Amino acid sequence: VPGGRRRGRLQTPHGEVRTPAVVAVAPHGAVPALSSDELRACGVQALMVDTLDLALRPGIETVRRLGGLHHFLGWDGPTIAECALPTVSGQDDASGEAPRSRRASGQRSRVLQLDDGGVVFTSHVDGARVRLSPEQAVLDQIALGADVLTTLAVGEGAGNRRARESAVERWMDWLERSVANAEAMRLLVALPPALMETQPSFHQHIARFEVAGYLWQSSGTEAPFLDWSGLPPARIRFARGIPDLEDMEREIELGFDLLACEFPIRDARRGRVYTAGGPMDLLHPDLAERFEPLDQACACEVCRTFTQAYLHHLFAAEELLGYRLAAIHNLTWVCRLVRDARTA
Ligand SMILES: [Zn+2]
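If you're wondering where the values come from, they're calculated on a predicted model, not measured in any experiment. (Residues numbered from 1 in each chain as written. Predicted model: local features only at pLDDT ≥ 70, side-chain atom pairs only at ≥ 80, totals over all residues. Heavy atoms only, no water.)

## Points about the overall build of the chain
At step 1: The number of helices and strands found in the chain is 13 helices and 15 strands.
At step 2: Within the chain, the proportion of its 344 residues that are buried is 54%.
At step 3: The contacts of the chain with a sequence gap of at least 6 include a subset with a gap of at least 24, amounting to 62%.
At step 4: When the accessible area of the chain is evaluated, it comes to approximately 15000 Å², of which 50% is carbon and sulfur surface. (Helix = DSSP H or I, 4+ residues; strand = E, 2+ residues; numbered from the N terminus. Buried < 20%, exposed > 50% of the residue type's maximum accessible area, 1.4 Å probe, protein only. Contact = heavy atoms within 4.5 Å. Areas by Shrake-Rupley, 256 points an atom, 1.4 Å probe, with all protein chains shown as cover.)

As structure tokens, this is what we get:
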């Protein structure tokens, strides 16, 4: 296993994150259905927002005028901004989740054009064409007031040797331009998995930039080949796109410090909750008469208060409370797992 499990601390202007840590994903400025107090109670230490999403709605300037990201969200803890674009080169969403799935009900954002100046994509809000440069992406995140920023990266890399080389060149150019526009020690570099796999010398290129750390898009299907040996150990390693509990535990063993987790909420929505005996389907009819909590050992508000029978009833009735309670339990569950990994 390259790397191995690590333990550390990330200092931000809005407090410290003890790592490894779960980062709750708030794409539209919210972790679906949960308030800041609830996130805290679950054990969440940091939130990640999608800069492009907030730029399209309500607008960067609006958030800034309303007092900045923390004020706007009602969250006073650490925040991480990302700039997630869909992949190009025919890899568009082949894996369903990576690199970002938009709300199922809305339009999907689509990259139309990629050149040295930046990227042109369609807005998932209204379909409008939006142009974004790597510089502007960083400036937008600074204007939002996020604690940790992420470089703009487009998931290209498929194709022949020449195409890969030009993708590396563009990526390096964008990185230099991003670093020039931000305090580099607040910046996470979004690593392009396809390029790292095909260009072994890639690590040396990026190791020379003094940045806060690296954002890695998990492939989700198998443990990614990620050789940390060429990268400075004191920098944050952030895994994105983690599909499930198993992968989350694998990423911790691979030496990741921050783990962006959407799957606990996604699972909760379809009535899938975590227990010591494995995942439980809240719609299963056997639960109708079970008067014990989801998990005897779980200390979350849901397990302290409600029975499996009640949660089953809420899901059968499609009552919104059911989704919220399942989300609170699942998020608490993953935060506890990661905390145990931290203190073990
Ligand atoms: Zn619980």
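## A look at the pairing of strand β6 (residues 110–115)
In regular strands, side chains alternate between the two faces of the sheet.
At step 1: With five bridges joining them, β6 and strand β7 (residues 118–122) adopt antiparallel strand pairing. Bridge assignment links Arg 110 to a residue of β7, and that residue is Thr 122. (Pairing = 2+ DSSP bridges.)

## A closer look at the sheet that holds strand β4 (residues 46–50)
At step 1: Pairing is parallel across the open sheet formed by eight strands, whose spatial order is β5-β4-β3-β13-β12-β11-β10-β9. Among the strands making up the open sheet, the edge pair consists of β5 (79–82) and β9 (149–150).
At step 2: Relative to strand β13 (residues 258–261), strand β12 (residues 236–240) is paired through two bridges, and the arrangement is parallel. Within β13, the position partnered with Phe 238 by the bridge is Leu 258.

## Describing the packing of helix α12 (residues 308–316) against helix α13 (residues 320–343)
In a packed pair of helices, the relevant descriptors are the angle between the two axes and the axis-to-axis distance.
At step 1: Following both chains from N to C, one finds α12 and α13 inclined at 130 degrees, their axes separated by 7 Å at the closest point. In this view, α12 runs oblique relative to α13, as classed from their interaxial angle. Considering the relative orientation of α12 and α13, their crossing is left-handed. Residues Tyr 310, Leu 311, Leu 314 and Phe 315 of α12 lie in contact with α13, whose contacting residues are Leu 321, Gly 322, Tyr 323, Leu 325 and Ala 326.
At step 2: Of the residues belonging to the contact of α12 with α13, the class tally is eight nonpolar, one polar and no charged. (Axes fitted to C-alpha atoms, helices over the stretch in contact; angles between N-to-C directions. Parallel < 35°, antiparallel > 145°, perpendicular 65-115°, else oblique. Left-handed = near helix turned anticlockwise from the far one by under 90°. Nonpolar A, V, L, I, M, F, W, Y, C, P; charged D, E, K, R; others polar.)

## Some details on the sheet that holds β7
At step 1: If you trace the three strands from one edge of the open sheet to the other, you get β6-β7-β8, paired in antiparallel fashion. Edge positions in the sheet fall to β6 and β8 (129–132), since each of these pairs with one other strand and no more. Adjacent strand axes in the sheet meet at a mean angle of 20 degrees when their direction is disregarded.
At step 2: Direction of pairing for β7 relative to β8: antiparallel, over a ladder of four bridges. Bridging across to β8, Val 120 finds its partner in Arg 131.
At step 3: The sheet contacts of helix α6 (residues 161–179) involve β6 and β7, and relative to β6 the element is tilted by about 90 degrees.

## Quick word on the nonpolar core
At step 1: Core analysis: the biggest nonpolar cluster contains 89 residues, and Val 44, Ile 206, Phe 238, Leu 258 and Leu 282 have the highest contact counts within it.
At step 2: The biggest single contributor to this core is α13, with 10 residues.
At step 3: Counting 11 residues, the second largest nonpolar core, distinct from the first, contains Leu 85, Val 111, Ala 137 and Leu 152. (Core = buried A, V, L, I, M, F, W, Y, C linked by side-chain atoms within 4.5 Å.)

## Points about the pattern of salt bridges
At step 1: On inspection of all chains with the given rule, the structure shows 22 salt bridges.
At step 2: Residue Arg 64 pairs with Glu 61 through a salt bridge whose shortest N-O separation is 2.7 Å. In this pair, Arg 64 and Glu 61 both sit in helix α3 (residues 60–65), three residues apart, roughly one turn of the helix.
At step 3: For Arg 64, a relative accessible area of 41% gives the class partly exposed.
At step 4: You can call Glu 61 partly exposed: its relative accessible area is 40%.
At step 5: Glu 82 is the partner of Arg 240 in a salt bridge, and the nearest nitrogen-oxygen pair spans 2.8 Å. (Salt bridge = Lys/Arg side-chain N within 4 Å of Asp/Glu carboxyl O.)

## Quick look at the coordination of the zinc ion
At step 1: Taken together, Cys 298 (SG), Cys 300 (SG), Cys 303 (SG) and His 329 (ND1) make up the full set of protein donors to the zinc ion, lying 2.1 to 2.3 Å away.
At step 2: Sequence positions of the residues that donate to the zinc ion give the spacing C-x1-C-x2-C-x25-H.
At step 3: Judged by its relative accessible area of 8%, Cys 303 falls in the buried class. (Donors = N, O, S within 2.8 Å, 3.2 Å for Na, K, Ca; no water.)

## Considering the side chain of Asp 140
At step 1: Looking at the secondary structure, you find Asp 140 in helix α5 (residues 134–144).
At step 2: Of the side chains bearing the opposite charge, Arg 64 lies closest to the buried Asp 140, which forms no salt bridge; the N-O distance is 9.6 Å.
At step 3: Ignoring sequence-local partners within four residues, the contact set of Asp 140 consists of Thr 51, Ala 55, Ile 60 and Leu 132. (Lys, Arg positive; Asp, Glu negative; His and termini not counted.)

## Description of the environment of Val 189
At step 1: Topologically, Val 189 is positioned in strand β10 (residues 187–191).
At step 2: Judged by its relative accessible area of 1%, Val 189 is buried.
At step 3: When residues no more than four places from it in sequence are discounted, the contact partners of Val 189 are Thr 151, Trp 171, Leu 175, Val 211, Gly 213, Tyr 214 and Leu 215.

## Topic: the packing of aromatic side chains
At step 1: In the structure shown here, the tally under the stated rule is three aromatic pairs.
At step 2: Ring centres of Phe 263 and Tyr 274 lie 6.4 Å apart, and the angle between their planes is 50 degrees; this geometry places the pair in the tilted category. With Phe 263 in helix α10 (residues 263–269) and Tyr 274 in the loop between β14 (272–273) and β15 (280–281), the pair connects residues that are 11 residues apart, well separated along the chain. Both residues of the pair, Phe 263 and Tyr 274, belong to the buried class.
At step 3: Centroid distance Phe 315 to Tyr 323: 4.9 Å. Interplanar angle 65 degrees. Geometry classified as edge-to-face.
At step 4: Given the relative accessible area of 26%, Tyr 323 is considered partly exposed.
At step 5: In this arrangement the basic side chain of Arg 40 is found over the ring face of Trp 75, its NZ or CZ atom lying 4.4 Å from the centre.
At step 6: The residue whose ring lies beneath Arg 336 is Trp 333, and the NZ or CZ to ring-centre distance is 4.6 Å. (Phe/Tyr/Trp six-rings, centres within 6.5 Å; stacked < 30°, edge-to-face > 60°. Lys NZ or Arg CZ within 6 Å of the ring centre and 35° of its normal.)

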